[in-house]
Amino acid sequence: MELKGKTAVVTGSSSGIGFELCGLLTDKGTSVYGLSRRRTPLEHPGFTWLETDVTSQEETDRAFDTVLNKHEQVDLLVNNAGFGLFDSIETIDPEAWNRLIATNLTAPFLCTRRVVPGMKAIRRGTIVNVASIAGKRGFRNGSAYCASKFGLNGFSEALVEELREEGIRVCTINPGSTGTAFFEHAGIEAKKLMKTEDVARVILSMIELPDDMLPDQVVVRPL
Ligand SMILES: NC(=O)c1ccc[n+]([C@@H]2O[C@H](COP(=O)([O-])OP(=O)(O)OC[C@H]3O[C@@H](n4cnc5c(N)ncnc54)[C@H](OP(=O)(O)O)[C@@H]3O)[C@@H](O)[C@H]2O)c1
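Reference entry: report on the structure contained in this document. Please read these numbers as outputs of a predicted model, since none were measured by experiment.

1. Focus: unusual backbone geometry
Located in the positive-phi region is arginine 123, a residue other than glycine, with phi close to 55°. Within the element layout of this structure, arginine 123 appears in the loop between helix H3 (94–122) and strand S5 (125–130). The backbone phi angle of asparagine 141 is positive, close to 65°, even though this residue is not glycine. Its location among the elements puts asparagine 141 in the loop between S5 and helix H4 (143–163).

Here's what the structure looks like:
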């Protein structure tokens, strides 16, 4: 996908992988809208931060209304917002479980449904879902997080079949441990970490593949 002059929405833009990716996309001449609750500290004429809690359908719809009032369609959506929750099955708080599923799984649904009509109209578009290695195999104390990311992988695989004939690419990246605030928030440690900007670069390279190539599943992990 040629990025110059295109419109992109990236969820979870305020830090980590999403923040790095927003910088890479604006450098390519893309109009980028970042959705997050905290301010996204990216100063670039091509970047707009839209304060959004993606677990709220009302807030998410408001953000997409803002983008779609200015642009005919969203050419690229990156469903990146997410967090980790690692706890034993007896101690996972049901409210935290619901918040996790709302962020990691329902939000990609809420965002994707807003971009597909415009992409269908021009028979072109790319949707990238940021899942995880934990969406491919189970981890101890990861029942909630793994369920959310396995769910996201299932959502993506089904959408590949639904949308490829419409010219829309649905791509999933499953990263391993990456040096963002993720582990701090989740209260766990990783042995080896990939650099945040390297993971963002992998996502960029998936997006930049020719429109007739579909990198539907990419797994990347520390060596
Ligand atoms: N780091 C890793 O090792 C790793 C590995 C595999 C997959 N991942 C996935 O990569 C994605 C990005 O995480 P990261 O590692 O870059 O961690 P991060 O630095 O903590 O970034 C998470 C982003 O998600 C946003 N977010 C969380 N809840 C949100 C909500 N309700 N509404 C809007 N935005 C929300 C945060 O913004 P606000 O707090 O400002 O809202 C932040 O911008 C996540 O989906 C994560 O599961 C990470």
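2. Some details on the site of the ligand
Inspection of the region around the ligand gives 31 residues, with Ser14, Arg37, Arg38, Tyr145 and Thr180 positioned closest. Between the ligand and arginine 38, the relevant distance is 2.7 Å, taken from an oxygen atom to a main-chain nitrogen or oxygen of the residue. Taking 880 Å² as the accessible area of the ligand by itself, protein coverage stands at 96%. Mapped onto the shell around the ligand, the elements with two or more residues apiece are helix H1 (16–27), H4 and helix H5 (182–186). The dominant element in the shell around the ligand, judged by the number of residues it contributes, is H5, at three residues. When grouped by side-chain class, the residues that make up the shell around the ligand number 10 nonpolar, 17 polar and four charged.

3. Here we look at the packing of H1 against helix H6 (residues 196–208)
Between H1 and H6, the least distance of the axes is 8 Å, while the angle of their chain directions is 55°. The orientation of H1 relative to H6 falls into the category oblique. In this structure, H1 meets H6 at a crossing whose hand is right-handed. Contact residues: H1 offers Gly16, Ile17, Glu20, Leu21, Leu24 and Leu25, while H6 offers Thr196, Glu197, Val199, Ala200, Arg201, Ile203, Leu204 and Ile207. When its residues are assigned to classes, the contact of H1 with H6 shows nine nonpolar, two polar and three charged.

What counts and what doesn't
Residues numbered from 1 in each chain as written. Predicted model: local features only at pLDDT ≥ 70, side-chain atom pairs only at ≥ 80, totals over all residues. Heavy atoms only, no water. Helix = DSSP H or I, 4+ residues; strand = E, 2+ residues; numbered from the N terminus. Near = heavy atom within 4 Å. Polar contact = N/O pair within 3.5 Å; in protein donor to acceptor, adjacent residues only side chain to side chain. Areas by Shrake-Rupley, 256 points an atom, 1.4 Å probe, with all protein chains shown as cover. Nonpolar A, V, L, I, M, F, W, Y, C, P; charged D, E, K, R; others polar. Axes fitted to C-alpha atoms, helices over the stretch in contact; angles between N-to-C directions. Parallel < 35°, antiparallel > 145°, perpendicular 65-115°, else oblique. Left-handed = near helix turned anticlockwise from the far one by under 90°. Contact = heavy atoms within 4.5 Å.

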